[in-house]
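Architecture and fold: a report
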Amino acid sequence: MPEARILDGKAAAAALRLQIAAEAARLKARHGIVPGIAMVLVGDDPASQVYVRSKTRAAGEAGFHVRDIVLAADAPEADVLAQVAALNADPQVHGFLVQLPLPPQVDPERVIDAIDPAKDADGFHVVNAGRLAMGRDGVVPATPLGCMHLIRRARAELAGLEAVVIGRSNTVGKPMAQLLLREHCTVTIAHSRTRGLADIARRADVLVAAVGRPEIVRGDWIKPGATVIDVGINRLPPETPGEKGRLVGDVAFAEAVAVAGAITPVPGGVGPMTIACLLQNTLLLARRSAGAAA
Ligand code: NAP
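Below you will find a few notes about this structure. What you are looking at is a predicted structure, and each value in this text was computed from that prediction instead of being measured.

This part is about the sheet that holds strand E5 (residues 162-166). What the six strands build is an open sheet, ordered E1-E11-E8-E7-E5-E6; its pairing is parallel. Whereas interior strands pair on both sides, the edge strands pair on one side only; in this sheet they are strand E1 (5-6) and strand E6 (186-190). Where helix H6 (residues 142-154) meets the sheet, its contacts fall on E1, strand E7 (206-209), strand E8 (227-230) and strand E11 (262-263), and the angle it forms with E8 comes to roughly 160°. Packed onto the sheet, helix H7 (residues 173-182) meets E5, E6 and E7 and runs at close to 170° relative to E5.

Written out as structure tokens, the structure is:
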């Protein structure tokens, strides 16, 4: 059996980031605008710190103006909302995000609702979710946007294909399904209450797993030749004490690679694309603020 084509998210993201850097330089030359991004981190969750650091580095490399704001883990919700209000009003910042998850005293919904939808780099605001659902221009969450880039590398034509998205979160599963619908796929959204998940997955020409369960999707869940996008990032328990456990996706890669037509690896698939697409969103917001939307 031939092995699937590996959809290299690292390489695709590097190419996209170069393109974004070139476009940012053009925006500066033509309109005197440097795209500005800000990230608000509340607390000291190590995974969140790593994510914010990667985003900061990538934005700096693309020539963006970057602002990192760190609040204490016990910061009251009012302080987070005050930061959001300040960033909404800051003309140097075209897009910003508040890193999730937030500590328990801060309601993420209230924080996201407070973000100006025109500066919502993550695309999580209800106005942007609504625009996506209505097929109108807004900001699309970076992870599903990155998945679409990778899917298009594997499939020139998506119209009429069966797409199955496992996972229905507001940040990944739902917007992913909307994007596939926009491309005229026939879309099924599966979740923890879905019956006969393996049979449903097996129908998919395009299968997206955004579950957060290590290797839940087995090789025999996959239609031969399918495009498989693995969003999951799961750390397995360490094999030897003191070591970090291995990172795996939601798809049993070694089994799936023998059946799929194309597949993303974990790590090095969707993850790097998410960061590149966050920059793409911020560039778009900077352009819109200049009245120079693409
Ligand atoms: P989430 O909010 O926890 O949502 C998980 C979804 O999976 C839910 O809709 C849940 O169903 C469903 N689910 C859980 N167990 C299931 C099962 N046994 N069978 C079928 N469906 C099941 O997670 P998320 O934020 O969407 O993230 C999903 C995964 O992607 C995580 O591993 C996360 O770390 C990763 N992620 C990666 C990136 C990246 O850049 N690569 C970005 C974001 C997230 P219910 O709705 O019924 O509970």
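Counting 51 residues, the largest nonpolar core has Phe 64, Ile 151, Leu 180, Val 208 and Ile 229 as its most contacted members. Broken down by secondary-structure element, the contributors of at least two residues to this core are helix H1 (9-31), strand E2 (36-42), helix H2 (46-61), H6, E5, H7, E7 and helix H10 (270-289). When residues in this core are grouped by element, the largest group, nine residues, is from H10. Setting aside residues up to four positions removed in sequence, Phe 64 forms contacts with Ile 20, Ala 24, Val 34, Pro 35, Ile 37, Ala 59, Leu 279, Thr 282 and Leu 283.

If you walk through the whole model with that rule in mind, you get 10 salt bridges. Across the salt bridge formed by Glu 162 and Arg 203, the nearest N and O atoms sit 3.8 Å from each other. In this pair, Glu 162 is assigned in strand E5 and Arg 203 in the loop between helix H8 (197-202) and E7, connecting sequence segments 41 residues apart. What makes Glu 162 partly exposed here is its relative accessible area of 25%. Lys 223 serves as the salt-bridge partner of Asp 205, at 2.7 Å between the closest nitrogen and oxygen. Residue Asp 205 is located in the loop between H8 and E7, and its partner Lys 223 is located in the loop between E7 and E8; the two are separated by 18 residues in the primary sequence. By relative accessible area, which is 13% here, Asp 205 ends up buried. Judged by its relative accessible area of 31%, Lys 223 is partly exposed. One continuous salt-bridge network, built from bridges that share partners, spans Glu 77, Asp 107 and Arg 110.

Here is what the cut-offs are and how they apply
Residues numbered from 1 in each chain as written. Predicted model: local features only at pLDDT ≥ 70, side-chain atom pairs only at ≥ 80, totals over all residues. Heavy atoms only, no water. Pairing = 2+ DSSP bridges. Helix = DSSP H or I, 4+ residues; strand = E, 2+ residues; numbered from the N terminus. Contact = heavy atoms within 4.5 Å. Axes fitted to C-alpha atoms, helices over the stretch in contact; angles between N-to-C directions. Core = buried A, V, L, I, M, F, W, Y, C linked by side-chain atoms within 4.5 Å. Buried < 20%, exposed > 50% of the residue type's maximum accessible area, 1.4 Å probe, protein only. Salt bridge = Lys/Arg side-chain N within 4 Å of Asp/Glu carboxyl O.

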